[in-house]
Amino acid sequence: MNSILNWFLMILPFALWGTSMAAMTPLVSSAGPEFVASLRLLPAGILVLITTYLLKRDLKIYKCDLKWFLVFTIVDATFFQLFLTYGISKTGAGLGSVLIDSQPLMVAILARAIFGNLINPIGWLGLLFGLGGIIFLGVPKELLESWWLMSDKSISDIAFNVGELWMLGASLAMALGTILIRFTCTKSDPVAVTGWHMVLGSVPLILKHCLQTNFQLIPNWSIFDWGLMSFASIFGGALAYGLFFYFANNKEITGFSTLAFLTPIFALLSGGVYLNERLTIIQWIGVVFVLISVFFVSQRKSIWEFSNTKTNI
């Protein structure tokens, strides 16, 4: 039972992030990326800190962790949420989630360089599949056809979606955050660090929104819209990030991060049902490539050992 509960809690953040993407998409267009990003962080961070206090965990950020905590806050909270909401406004929940969840591939490379986590030939094959998937997802269809000599359009005639670049930037910020949490929590509690970094990371976003809107803080949202925002903040923010960074600080980082392949599944399902979003055939090929890649990266050790066993037999 404990093993089943542990796996459920490890998977839960990615399910909540996938559904939160669909919830946030219509809100960004009506209230602006900075406002939605700040509401994703601030209430959630306060809730995490209250929960940390009630659980009698240590709320203090220790001096030895302070430098890395500030870097972690800017990268994982401010930059990630800003890039995410800018990207959502251009790509939608489904495609955006798939692009963001290329981050396990970045985590694998960073963990190999920084922590010495092994990437065997199966892992490198997975990374190549991931690169191919990102190309299918992020490169315009017309450009791919031009590469394959199936179109006579010139590059100047091809429309590029800047939202996909924002999503890849968010993916990089999240990957760096997954690595930075290890440096930030040498003595500080990872749940407390999560709460404080969400609260402080929201401040630049709030200031940017105020300057852009002449301090008009309350959008014209319906009760349903506020319900979507509450879900994205409480469940997709407080609960999801608290669990994620707890496990990221305590589990094998490359293997755990690859559970993110579940996020696009939930985002594509909820985006298809709620937002009527659809991917092209080429983009679906990219989805398959990304799923294959994260499977190979996450299971690289067992697949490699199994293949070696068969060879020896």
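Here is what the cut-offs are and how they apply
Residues numbered from 1 in each chain as written. Predicted model: local features only at pLDDT ≥ 70, side-chain atom pairs only at ≥ 80, totals over all residues. Heavy atoms only, no water. Helix = DSSP H or I, 4+ residues; strand = E, 2+ residues; numbered from the N terminus. Contact = heavy atoms within 4.5 Å. Core = buried A, V, L, I, M, F, W, Y, C linked by side-chain atoms within 4.5 Å. Buried < 20%, exposed > 50% of the residue type's maximum accessible area, 1.4 Å probe, protein only. Salt bridge = Lys/Arg side-chain N within 4 Å of Asp/Glu carboxyl O. pLDDT = per-residue confidence, 0-100. Axes fitted to C-alpha atoms, helices over the stretch in contact; angles between N-to-C directions. Parallel < 35°, antiparallel > 145°, perpendicular 65-115°, else oblique. Left-handed = near helix turned anticlockwise from the far one by under 90°. Phe/Tyr/Trp six-rings, centres within 6.5 Å; stacked < 30°, edge-to-face > 60°. Patch = residues over 30% accessible without salt bridge, like charges linked within 9 Å, V, L, I, M, F, W, Y side chains within 5 Å. Areas by Shrake-Rupley, 256 points an atom, 1.4 Å probe, with all protein chains shown as cover. Polar contact = N/O pair within 3.5 Å; in protein donor to acceptor, adjacent residues only side chain to side chain. Nonpolar A, V, L, I, M, F, W, Y, C, P; charged D, E, K, R; others polar.

Asker: Can you tell me about the overall build of the protein, naming the residues and giving the values?
Answerer: Within the protein one finds 14 helices and zero strands. Within the protein, counting contacts between residues at least 6 apart in sequence, those at least 24 apart form 87% of the total.

Asker: Outline the nonpolar core, supporting the account with residue identities and numerical values.
Answerer: Membership of the largest hydrophobic core comes to 50 residues, with the highest contact counts inside it found for Val36, Leu84 and Trp221. For this core, the secondary-structure elements that each account for two or more residues are α1 (2-31), α2 (33-54), α3 (63-91), α8 (162-184), α9 (190-213) and α10 (223-250). Other than its neighbours up to four places away in sequence, valine 36 contacts Met24, Leu27, Val28, Ala31, Thr85, Trp221 and Met229. With six residues, the next largest nonpolar core counts Leu105, Ala108, Ile119 and Val294 among its residues.

Asker: Give me the lowdown on the pattern of salt bridges, citing residues and values where you can.
Answerer: In total, this model carries two salt bridges according to the counting rule given. Of the charged contacts in the structure, one is a salt bridge between glutamate 34 and lysine 208, with a shortest N-O distance of 2.7 Å. Taken together, the positions of glutamate 34 in helix α2 and lysine 208 in helix α9 put the pair 174 residues apart, joining distant regions of the chain. The partner of aspartate 189 in a salt bridge is arginine 57, with the nearest N and O atoms 2.9 Å apart. Of this pair, aspartate 189 sits in the loop between α8 and α9 while arginine 57 is found in the loop between α2 and α3, placing the two residues 132 residues apart along the sequence.

Asker: I'd like to hear about the confidence of the model for the protein, residue by residue, with values.
Answerer: In the predicted model, the protein carries a mean pLDDT of 79, and the fraction of residues at 70 or more is 75%. Mean pLDDT across the elements of the protein ranges from a minimum in helix α11 (residues 253-257), with 59, to a maximum in α2, with 93.

Asker: Give a description of the packing of α3 against α9 that names residues and reports values.
Answerer: Axis separation between α3 and α9 bottoms out at 8 Å; the angle between their running directions is 50°. Taken together, the axes of α3 and α9 lie oblique to each other. For the pair α3 and α9, the crossing hand works out as right-handed. The residues of α9 that touch α3, namely those facing Phe69, Phe72, Thr73, Asp76, Ala77, Thr78, Gln81, Leu82 and Tyr86, are Val193, Trp196, His197, Leu200, Gly201, Pro204, Leu205, Lys208 and Gln212.

Asker: Tell me about the packing of aromatic side chains, residues and numbers included.
Answerer: The full count for this structure, using the stated rule, is ten aromatic pairs. With a centroid separation of 5.9 Å and an interplanar angle of 65°, the aromatic rings of phenylalanine 129 and phenylalanine 296 are classed as edge-to-face. Taken together, the residues span a long stretch of sequence, with phenylalanine 129 in helix α6 (residues 121-138) and phenylalanine 296 in helix α13 (residues 281-298) at a distance of 167 residues. An aromatic cluster of at least three residues, connected via ring pairs, comprises Phe79, Phe83, Tyr86 and Trp166.

Asker: Explain a nonpolar patch on the surface to me, using residue names and the numbers behind them.
Answerer: Together, Ile46, Ile50, Tyr53 and Leu54 make up a nonpolar patch on the protein surface, roughly 440 Å² of accessible area in all. Residue placement: tyrosine 53 occurs in helix α2.

Asker: Quick one: what's the story with the side chain of threonine 194, residue by residue and with numbers?
Answerer: Relative to the helices and strands, threonine 194 is located in helix α9. Leave out the neighbours within four places in its chain, and threonine 194 touches Tyr241, Gly242 and Phe245.

Asker: Can you break down the environment of isoleucine 74 residue by residue, with the values?
Answerer: Note that isoleucine 74 resides in helix α3. Considered as a pair, isoleucine 74 and leucine 200 are 126 residues apart in the sequence and their alpha carbons are 8.7 Å apart.

Asker: Help me get a handle on the side chain of threonine 184, residues and values and all.
Answerer: Relative to the assigned elements, threonine 184 resides in helix α8. There is a polar contact of 2.8 Å between the side chain of threonine 184 and the backbone oxygen of leucine 180. The contacts of threonine 184, once residues within four sequence positions are left out, are Asp65, Trp68, Phe69, Phe72 and Val193.

Asker: Now, about unusual backbone geometry: what can you tell me, with residues and values included?
Answerer: With phi around 60°, lysine 56 is a residue other than glycine that occupies positive phi space. Note on placement: lysine 56 falls in the loop between α2 and α3.

Asker: Could you give an account of the packing of α3 against α8, naming the residues involved and the relevant values?
Answerer: Where α3 contacts α8, the two axes come as close as 7 Å, and the packing angle between them is 160°. Taken together, the axes of α3 and α8 lie roughly antiparallel to each other. As for the relative orientation of α3 and α8, their crossing is left-handed in sense. Tallied by class, residues from the contact of α3 with α8 come to 20 nonpolar, six polar and four charged.

Asker: I'd love a proper account of the environment of glycine 177, names of residues and values included.
Answerer: When you line up the elements, glycine 177 lands in helix α8. Among the residues examined, glycine 177 registers a relative accessible area of 0% and is labelled buried. Taking the C-alpha atoms as reference, glycine 177 lies 8.9 Å from phenylalanine 80; in sequence the two are 97 residues apart. Contact partners of glycine 177, with chain neighbours within four places excluded, come to Phe72, Val75, Asp76 and Phe245.

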